[in-house]
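Chain and residue survey
The lines below spell out each chain.
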Amino acid sequence: MSSLTRRKLLGGCAVGLVAGLAGCSADAAMFVTPVDTPQAVGQQATASPSTDRPDSDTAELVAAAVANGTNRTDSTTAPYQPDRPVVYNEAVYKLTWSEAARDTSRTEYKITMRTADDDRAPDTDFEELSAVDRNRLERFPELIHNYAENPESEVPEELSYNIYYPPAEREQSAIVPDPQYDTLSVAGQPVELSVEPISVSLDVYQYTATERAPSVSAFGRELRRDHRFELSGLSEPERKLFERVRSDGSFYKGAFDDVPDGAFTQLADHFVSHPALIVENTTGEWLTRYAGTDYWVTIDFALHEEYAERLERVESL
């Protein structure tokens, strides 16, 4: 299970959105994955834009950073901030970024869809738009569909977003800069369409990439050598809990779990006493060896603030 999937799952548990899932509502979670080879270790410790974020913008950013460094812009923050090294052409790179002492601007489009208040037939259906328009505007049908599926809500009279179309995409668009349609059928709802160009100020971020290892396997071997620790000296409740998580793959700590009091926190003590390979917010990731097998262990302490505050990351990954 990827770290993104884990965060979504635990977040859903914490707010009670994942009905019927064991451990909800959870205030912490542990995930244990066997990593039998250096390749498996390296895969856990790296991000791959081509699979984790299969959008062309991110893959192009990494490729440009590896080639000779690159600049990217965003109105709020650096557009790509991986929490671990990235893989490009089978090698592993450390990606770094910083805000440049300058800014720039670009033209975005404020696209507004209003519920049509008459019986006129839509000019076309959303699904008939070009792939460029469908991709850029995909949030509109998703939102309208979600509203329509919820009997306790009403479709808002107006939905509006600022959306950026790169120059090449504008040539393929029937929506920007000047819409070819006045009305669309979106998720079965007739809407009026309006488009307004706006100038947006953007910060500039400089990206560079430094080769960290010639391959994912080589990176995994290095992590084994420098950062793996032996999980030993467990009490009987700690041992039973770890072996249960090892077997099930995951464990959610909450008011209704069936483990002895203190077993989870005492097991967690073994991990937070070592620097984690990855730390992101309340989550730490470690490489450990138990009973002759290597495991990648992820713990999200979520509501256990005292443990989240004890998380430390290795000096360099």
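Residues numbered from 1 in each chain as written. Predicted model: local features only at pLDDT ≥ 70, side-chain atom pairs only at ≥ 80, totals over all residues. Heavy atoms only, no water.

A count of helical and extended segments in the protein chain gives 11 helices and 13 strands. Relative to its full complement of 317 residues, the protein chain shows a buried share of 39%. Contacts spanning at least 24 positions in sequence make up 74% of the contacts within the protein chain whose residues lie at least 6 apart. A total of about 16700 Å² of accessible surface is found on the protein chain, and carbon and sulfur atoms cover 43% of it. (Helix = DSSP H or I, 4+ residues; strand = E, 2+ residues; numbered from the N terminus. Buried < 20%, exposed > 50% of the residue type's maximum accessible area, 1.4 Å probe, protein only. Contact = heavy atoms within 4.5 Å. Areas by Shrake-Rupley, 256 points an atom, 1.4 Å probe, with all protein chains shown as cover.)

Per the stated rule, a full pass over the model turns up 11 aromatic pairs. An angle of 65° between the planes, with centres 5.1 Å apart, marks the rings of Phe 242 and Tyr 290 as edge-to-face. Note that Phe 242 is positioned in helix H9 (residues 236-248) and Tyr 290 in strand E12 (residues 283-290), a separation of 48 residues in sequence. The class for Phe 242 is buried, based on a relative accessible area of 0%. Classification of Tyr 290 by relative accessible area gives buried; the value is 8%. Here the guanidinium or amino end of Arg 106 rests over the ring plane of Tyr 164, the centre of that ring lying 3.8 Å away. (Phe/Tyr/Trp six-rings, centres within 6.5 Å; stacked < 30°, edge-to-face > 60°. Lys NZ or Arg CZ within 6 Å of the ring centre and 35° of its normal.)

Okay, the nonpolar core next. One finds Phe 242, Phe 271, Trp 286 and Phe 301 to be the most contacted residues of the largest nonpolar core, which totals 26 residues. Put simply, the parts of the chain that give this core at least two residues each are strand E1 (26-34), H9, helix H10 (263-272), E12, strand E13 (293-300) and helix H11 (305-308). If we skip the residues at most four places from it in the chain, Phe 301 touches Asp 27, Ala 28, Phe 264, Ala 268, Val 272, Thr 282, Trp 286, Tyr 307, Ala 308 and Leu 311. Of all hydrophobic cores here, the second largest spans 19 residues; its members include Met 113, Phe 126, Leu 129 and Phe 140. (Core = buried A, V, L, I, M, F, W, Y, C linked by side-chain atoms within 4.5 Å.)

This paragraph deals with the pattern of salt bridges. If you walk through the whole model with that rule in mind, you get 15 salt bridges. When the shortest N-O distance is used, the salt bridge between Arg 84 and Glu 285 registers 2.7 Å. Of the two residues, Arg 84 sits in the loop between strand E2 (70-74) and strand E3 (86-88) while Glu 285 sits in strand E12, which places them 201 residues apart along the sequence. For Glu 285, a relative accessible area of 3% puts it in the buried group. Between Asp 294 and Arg 224 there is a salt bridge whose closest N-O contact spans 3.0 Å. (Salt bridge = Lys/Arg side-chain N within 4 Å of Asp/Glu carboxyl O.)

Moving on: the confidence of the model for the protein chain. On average, residues of the protein chain score 87 in pLDDT, and 88% of them are at 70 or above. Taken together, the stretch residues 1-24 has pLDDT below 50 and engages in 33 contacts with residues farther than four places along the chain or on a different chain. (pLDDT = per-residue confidence, 0-100.)

Moving on, we get to unusual backbone geometry. In this structure, the amide linkage connecting Val 176 to the following residue, Pro 177, adopts the cis form with an omega of -5°. Assignment of secondary structure puts Pro 177 in the loop between helix H7 (167-170) and strand E7 (183-186). Phi is positive for Ala 187, which is not a glycine, with a value near 50°. Relative to the elements of secondary structure, Ala 187 occurs in the loop between E7 and strand E8 (189-213). For Ala 187, a relative accessible area of 42% gives the class partly exposed. For Ala 302, which is not glycine, the phi torsion reads 40° and is therefore positive.

This part is about the environment of Val 297. Note on placement: Val 297 falls in strand E13. Judged by relative accessible area, which is 0%, Val 297 ranks as buried. A sequence separation of 262 residues divides Val 297 from Val 35, and the C-alpha atoms of the two residues are 10.0 Å apart. Leave out the neighbours within four places in its chain, and Val 297 touches Met 30, Phe 31, Val 32, Phe 242, Phe 271, Gly 284, Glu 285, Trp 286 and Thr 288.

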